[in-house]
Number of protein chains: 2
Amino acid sequence: MGIYGASVTKLIEQFEKLPSIGHKSAQRLAFYILNRPEAEVEEFARALLESRKSIKLCSKCQNMSDKDICDICANTSREQDKICVVQDPRDVMAMERAREFKGYYHVLHGVISPINGVGPDDLKIKELLARITPDITEVIVATNPNVEGEATAMYISRLLRPLGVKVSRIAHGLPVGGELEYADDVTLARALQNRREI
Amino acid sequence: MGIYGASVTKLIEQFEKLPSIGHKSAQRLAFYILNRPEAEVEEFARALLESRKSIKLCSKCQNMSDKDICDICANTSREQDKICVVQDPRDVMAMERAREFKGYYHVLHGVISPINGVGPDDLKIKELLARITPDITEVIVATNPNVEGEATAMYISRLLRPLGVKVSRIAHGLPVGGELEYADDVTLARALQNRREI
């Protein structure tokens, strides 16, 4: 398929490396790029390099940031006694969009997953432990509601409880706007177990 | 959403410009990039720049190539008397994969589309006309089987027929491996009209 020369083949390969981009999509994206003005392609390349160069992990919450201490950690007007543990930087964005949590975050950068060879030491758990001072009253574990997320939540809970901090887990239940009929059995069972008096 | 700094916001915007990449996908791709080693991101940026710089249009078939005359046009062992007209460089790849056509190609870079303000002068039709010598016995128009593709095929046919060249159109019919039950009415009607004795 190298009828466009080695450099185009290489570009298609690069696009194929991106998550959920298959060979056909990679081809489509590469041809799109080849049809754009050179200045636009240069702008794309620059955005790649500059963003990658600027990014590091916040030394407190381990979220990605272009500063040593990210904007959220630097904001002293948030609730000082709560830490919400998430598995991924994108989850911080999702939580912030929900506008419900006003404390600080801690990003694990993954979940415990023996099948993928990811153990506790591969995650930012040591860094979380170091943040548990007597000022912290609650750690909310907001890993994903699947097997690995639950296991990671249990692990963190067992690790932190001896330190005298309350560890909570985000609730399972029906999604708002969802329909009972279409809920899966496990979610429905959890929604019942977690029922609250109104 | 600028909690990761301006350069990350810019990277997300760049990914969003790509075809069929929405905001969520752009975010996902950007975070993937930010998590890769710097050397890998540099390789991606280089692939973008180098492929874009290397690419030009073949002076014969107008397909994209890193040479003045593309590999297909330079290959003298192909059938000299046939030209297959396609709308897009990707269609050349698709035709080559089918291994049925052994002549040369001509890439229009689009189809006639009054609604999008694309007229015959915006396509590589002049360049096609210039290639119609007495040696050419057949021009196969393989634009897409939709309204614009058909209109473009009709336009080319009317333009070339006076030059004494046979103009043909790829067949419409049921896709191989498809099921009659799921075919749309128009395709089924065309499949019947184009029936052949066996």
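Going by the structure above, here's the rest.
Calculation notes
Residues numbered from 1 in each chain as written. Chains lettered and ligands numbered in written order. Predicted model: local features only at pLDDT ≥ 70, side-chain atom pairs only at ≥ 80, totals over all residues. Heavy atoms only, no water. Helix = DSSP H or I, 4+ residues; strand = E, 2+ residues; numbered from the N terminus. Buried < 20%, exposed > 50% of the residue type's maximum accessible area, 1.4 Å probe, protein only. Pairing = 2+ DSSP bridges. Axes fitted to C-alpha atoms, helices over the stretch in contact; angles between N-to-C directions. Contact = heavy atoms within 4.5 Å. Least-squares fit on C-alpha atoms with pLDDT ≥ 70 in both.

Caption draft 1: View of the overall build of chain A. A tally of regular secondary structure across chain A gives eight helices and six strands. Each helix and strand of chain A, ordered N terminal to C terminal, gives the series α-α-α-β-β-α-β-α-β-α-β-α-β-α. Looking at chain A as a whole, 39% of its 198 residues qualify as buried.

Caption draft 2: Region of the structure containing the sheet that holds strand β5 (residues 138-141) of chain B. Residues and elements named next belong to chain B. Judged by pairing direction, the sheet is parallel, and its four strands sit side by side in the order β4-β3-β5-β6 without closing on themselves. Edge positions in the sheet fall to β4 (104-107) and β6 (166-169), since each has one partner strand and no second. Each strand of the sheet is rotated relative to its neighbour by a mean of 25 degrees, with strand direction disregarded. Where strand β3 (residues 82-86) lies against β5, four bridges are found, and the strand directions are parallel. Within the sheet, the bridge partner assigned to K82 lies in β5 and is E138. Strands in contact with helix α5 (residues 89-98) are β3 and β4; relative to β4, the strand with the most contacts, it is inclined by about 155 degrees.

Caption draft 3: Inspection of the relation of the copies chain B and chain A at higher detail. If you rotate chain B by 179 degrees and push it 0.1 Å along the axis, it lands on chain A with an RMSD of 0.2 Å. Within this description, the copies of the chain are treated as partners about a two-fold rotation axis. When C-alpha distances to the rotation axis are compared across chain B, the minimum falls at A45(B), with a value of 2.3 Å. An overlap of 100% is found between the interface residues of chain B and their copies at the interface of chain A, pointing to a shared contact surface.

What is shown is where atoms sit, not what they do.
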